[in-house]
Amino acid sequence: MRIAMWSGPRNLSTALMYSFAARGDTRVVDEPFYAAFLAKTGDDHPLRDEVLNSQPTDPNVVAKSLALPILEPVFYQKHMTHHMQEDWPTHWMEGMRHVFLIRHPARVVASYAKKREAPLLEDLGFAQQAELMKRTEAPLIVDSSDIRHNPAEILQLLCDKIGIPWTPKMLHWPKGGHASDGVWAKHWYGAVHASTGFGAREPDLPVLDGDYARLADAAMPYYEALAAQKIMI
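All values reported here derive from a predicted model rather than from experimental measurement. (Residues numbered from 1 in each chain as written. Predicted model: local features only at pLDDT ≥ 70, side-chain atom pairs only at ≥ 80, totals over all residues. Heavy atoms only, no water.)

K.L.:
What's the story with unusual backbone geometry in this structure? I'm lost.
P.N.:
Note: most residues except glycine have negative phi, and most peptide bonds are trans. The residue leucine 12 is not glycine, and still its phi comes out positive at about 70°. If you check the backbone angles, leucine 47 has positive phi at about 60° while not being a glycine.

Dropping the structure here:
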């Protein structure tokens, strides 16, 4: 079973990767197209040079690696939707179980702004999620807030819909990160490295103003369209 988990940044995606890694039957890969994305776009991200030196920058090489045979029963691939470029290969997506992880834009913007200033809509992946949804067969959508509110039941439902057995091992992981973390983990993954499981129920939505409020508003139509199709208990 190959799972492509499509997310934007600051979206519980690393915690969910750790959750699947904790199953004991799963290989995980962390944002395999990140270096290729940076090489093509020239975007100035934190730790840019380290990322470029840590992964293949040819998307064709990355795509082939995602389709290679593996020994584990489950291959979980954590992907950022904004990393995918229009002219990149898509054959590797065939036969995948595609899942889209969403989060309210206000929470995403507030969290992202603490790590990188002046984000744009294309940095957050909402529009790219909507576009990728059209290119996948029988996609699933899960909301990160629902996982935080009720991790056991939502993950059990998600596993059932994916077609893999549920295990309570998915609720906990060792503190300090995972061997599959990308080199960018030291900048982005501080909170999840300090955790051993999913955090408590999220508080009220953050109050944004100015450009950040306008950015969240621009992302809302994409989020609402996706949220209308999310899995629910």
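From this point on, the discussion continues.
K.L.:
Explain the environment of alanine 213 to me, please; I cannot follow it from the model alone.
P.N.:
Turning to its location among the elements, alanine 213 is positioned in helix H12 (residues 210-227). For alanine 213, a relative accessible area of 19% translates into the label buried. It is 8.4 Å that separates the C-alpha atoms of alanine 213 and valine 109, two residues lying 104 residues apart in sequence. (Helix = DSSP H or I, 4+ residues; strand = E, 2+ residues; numbered from the N terminus. Buried < 20%, exposed > 50% of the residue type's maximum accessible area, 1.4 Å probe, protein only.)

K.L.:
Would you explain the sheet that holds strand E5 (residues 140-143) in this entry?
P.N.:
On the basis of which strands lie adjacent, the open sheet formed by five strands has the order E2-E3-E1-E4-E5 and parallel pairing. Among the strands making up the open sheet, the edge pair consists of strand E2 (26-30) and E5. For this sheet the average axis-to-axis angle between neighbouring strands, irrespective of direction, equals 20°. Bridge count for E2 against strand E3 (residues 74-80) is five bridges, and the pairing is parallel. Residue threonine 26 lies in a different strand from E3, and its bridge partner there is valine 74. Against the sheet, helix H1 (residues 13-21) makes contact with strand E1 (2-7), E2, E3 and strand E4 (97-102), and its axis sits at roughly 175° relative to E3, the strand it touches most. Strand contacts of helix H7 (residues 126-134): E1, E4 and E5, with the helix running at about 155° to E4, the strand carrying the most contacts. (Pairing = 2+ DSSP bridges. Axes fitted to C-alpha atoms, helices over the stretch in contact; angles between N-to-C directions. Contact = heavy atoms within 4.5 Å.)

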